[in-house]
Amino acid sequence: LGFAAALRRSELVGLDWKRQGTGDGYLTQDHRGIVITLLSTKGGKGEPVEVIVPCADMPTACDALDEWAAIAGKHLTWLAVLDRPPKSPAAGVSR
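Residues numbered from 1 in each chain as written. Predicted model: local features only at pLDDT ≥ 70, side-chain atom pairs only at ≥ 80, totals over all residues. Heavy atoms only, no water.

### Some details on the environment of A61
Consideration 1: Structurally, the position occupied by A61 is in helix α3 (residues 59-72).
Consideration 2: Overall, the relative accessible area of 13% leaves A61 in the buried class.
Consideration 3: Each C-alpha atom, one on A61 and one on A5, is 9.3 Å from the other, the two residues being 56 residues apart in sequence.
Consideration 4: Excluding anything up to four places from it in sequence, A61 contacts A4 and I34. (Helix = DSSP H or I, 4+ residues; strand = E, 2+ residues; numbered from the N terminus. Buried < 20%, exposed > 50% of the residue type's maximum accessible area, 1.4 Å probe, protein only. Contact = heavy atoms within 4.5 Å.)

### Points about the pattern of salt bridges
Opposite charge on two side chains makes pairing possible when the charged atoms of those side chains draw close.
Consideration 1: All chains considered together, the criterion is met by 3 salt bridges.
Consideration 2: Salt-bridge contacts for D30 lead to R32; the nearest nitrogen and oxygen are separated by 2.9 Å.
Consideration 3: Judged by relative accessible area, which is 33%, R32 ranks as partly exposed. (Salt bridge = Lys/Arg side-chain N within 4 Å of Asp/Glu carboxyl O.)

### Quick word on α3
Consideration 1: When the terminal C-alpha atoms of α3 are compared, their 20 Å separation across 14 residues agrees well with the 20 Å that a helix rising 1.5 Å per residue should span.
Consideration 2: Of the residues making up α3, those classed as buried are A61, C62, L65 and A69. Projection of α3 onto a plane perpendicular to its axis shows the buried side chains occupying an angular sector of 100°, all on one side. In this structure, α3 carries T60, D63, E67, A70 and I71 as exposed residues pointing more than 90 degrees from its buried face.
Consideration 3: Summarising the contacts, the buried residues of α3 are in contact with α1 (2-5), β1 (15-17), β2 (25-30), β3 (33-38) and β4 (49-53). (Expected span 1.5 Å × (residues − 1). Arc of directions from axis to C-beta.)

Below, the structure written as structure tokens:
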């Protein structure tokens, strides 16, 4: 999905499923394909950015997302697509 949509790692790990949650964006699927809405981007001007991955151009990405949704469950309403890794205890140490 990251390759298909040309997302940065920080954008990819901040995606939620179908609606805005605690992340920096969310993804849905519709007739256009995978629709990724980024609420904040490195190069953005504070406005949401929509990235569309057409299933006709990237069928593997669409199939993988369908498979993930099936495994996650039919009652899936909101879920972070990827969880953010825990912060390292050393991350806050000043140099």
